[in-house]
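Listed below, chain by chain, are the residues.
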Amino acid sequence: MRHRFWSAAAVALAVIPFLGSSVHAGGRALSCYEQATVPAVYRTVHQKVLVQPASSHLVRKPAVYGYQTRRVLVQPERVSYRTSPAVYQTQRSRALVQPASVGWEYRVIKGHKILCKVQHPAVYKTINQRVLVQRASKVAVRQPAIYSTVREKVVVQPASSYRVQKPAVYRTVARQVLVQPAQTVWKPVRVRGCRY
């Protein structure tokens, strides 16, 4: 049917130059045509369009801290020496001052001066003497080390960063695409006095 329509249209276009001629005016019409507009033909196509391009951003993770106890040395071990003084004791002893002796001496007896032989006993003296009982000495005194416990802040996990990728976002949209533009054609018509 379409082929026949376009054939008729081609014939009509070929006849157009002669329509203005009055040579055939009043003759018998063999076929008749009228001018018509063929609307444009569109087709719906679906197209993928970019809504949001791909992107990336950096995410930073701060360091994580914790607390731990630690034993620390406050004062190291020390050794000191204590001096013990010498111990003395007082001892009493009898010392000979003068030994026993025999000597001559004058004595007056009944008014007469007489020379007598005299025995002198030994003379002794008590002496207090300080004697050493125990010598002075040094005694080592050990003082143990002193420790304390401290609480300190430590890094459990160091700071880090990573990049997050966001893919592009697309959307499918429908649009009309012109397949054939609108045309003006001659189409055959049936009217009285004109054969089709």
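Below is a short write-up of the structure.

### Quick look at the overall build of the protein chain
Item 1. Counting its secondary structure elements, the protein chain contains one helix and 14 strands.
Item 2. Across the 196 residues in the protein chain, those meeting the buried criterion constitute 8%.
Item 3. At a minimum sequence separation of 6, the contacts of the protein chain that also span at least 24 residues come to 87%.
Item 4. Summed over all atoms, the accessible surface of the protein chain reaches about 17,100 Å², with 53% contributed by carbon and sulfur.

### Description of the pattern of salt bridges
Item 1. One pass over the full model with this rule turns up three salt bridges.
Item 2. For the salt bridge of Glu77 with Arg142, the shortest nitrogen-to-oxygen distance reads 2.3 Å. A residue pair is termed long-range when its members are at least 10 positions apart, and Glu77 in the loop between strand 4 (64-75) and strand 5 (78-84) and Arg142 in strand 10 (residues 137-143) qualify at 65 residues.
Item 3. Between Glu105 and Arg107 there is a salt bridge, with the nearest N and O atoms lying 2.9 Å from each other.
Item 4. The exposure class assigned to Glu105 is partly exposed, which follows from its relative accessible area of 26%.
Item 5. Note on Arg107: relative accessible area 38%, which makes it partly exposed.

### Some points on the packing of aromatic side chains
Item 1. Under the defined criterion, the tally for this structure stands at zero aromatic pairs.
Item 2. Lys48 extends its terminal NZ or CZ atom over the ring of Tyr170, reaching a point 4.8 Å from the ring centre.
Item 3. Directly above the ring of Tyr124 sits Arg94, whose terminal nitrogen or CZ lies 4.0 Å from the centroid.

### A word on a nonpolar patch on the surface
Item 1. A cluster of nonpolar side chains, namely Trp104, Tyr106 and Leu115, defines an oily patch on the protein surface of about 400 Å² accessible area.
Item 2. With respect to the helices and strands, Leu115 occurs in strand 8 (residues 112-120).
Item 3. The class of Leu115 is partly exposed, set by a relative accessible area of 44%.

### Re unusual backbone geometry
Item 1. The backbone of Lys110 sits at a positive phi, close to 55 degrees, despite the residue not being glycine.
Item 2. For Lys110, the location among the structural elements is in the loop between strand 7 (101-109) and strand 8.
Item 3. A residue is classified by how much of its surface remains accessible, and Lys110, at 79% relative accessible area, is exposed.

### Notes on the environment of Pro76
Item 1. Within the element layout of this structure, Pro76 appears in the loop between strand 4 and strand 5.
Item 2. Sequence spacing of Pro76 and Pro144 is 68 residues, and the spatial spacing of their C-alpha atoms is 7.3 Å.

### So, the environment of Tyr42
Item 1. By secondary structure assignment, the location of Tyr42 is in strand 2 (residues 41-52).
Item 2. Spatially, the C-alpha atom of Tyr42 lies 5.9 Å from that of Gln176, the residues being 134 residues apart in sequence.
Item 3. If we ignore the near neighbours within four places in the chain, the residues touching Tyr42 are Gln176, Val177, Leu178 and Val179.

### What to know about the environment of Arg151
Item 1. Position of Arg151 relative to the elements: it lies in strand 11 (residues 146-157).
Item 2. Owing to a relative accessible area of 64%, Arg151 belongs among the exposed residues under this scheme.
Item 3. With residues up to four places along the chain from it excluded, the contact list for Arg151 reads Tyr67, Gln68 and Thr69.

The rules behind the values
Residues numbered from 1 in each chain as written. Predicted model: local features only at pLDDT ≥ 70, side-chain atom pairs only at ≥ 80, totals over all residues. Heavy atoms only, no water. Helix = DSSP H or I, 4+ residues; strand = E, 2+ residues; numbered from the N terminus. Buried < 20%, exposed > 50% of the residue type's maximum accessible area, 1.4 Å probe, protein only. Contact = heavy atoms within 4.5 Å. Areas by Shrake-Rupley, 256 points an atom, 1.4 Å probe, with all protein chains shown as cover. Salt bridge = Lys/Arg side-chain N within 4 Å of Asp/Glu carboxyl O. Phe/Tyr/Trp six-rings, centres within 6.5 Å; stacked < 30°, edge-to-face > 60°. Lys NZ or Arg CZ within 6 Å of the ring centre and 35° of its normal. Patch = residues over 30% accessible without salt bridge, like charges linked within 9 Å, V, L, I, M, F, W, Y side chains within 5 Å.

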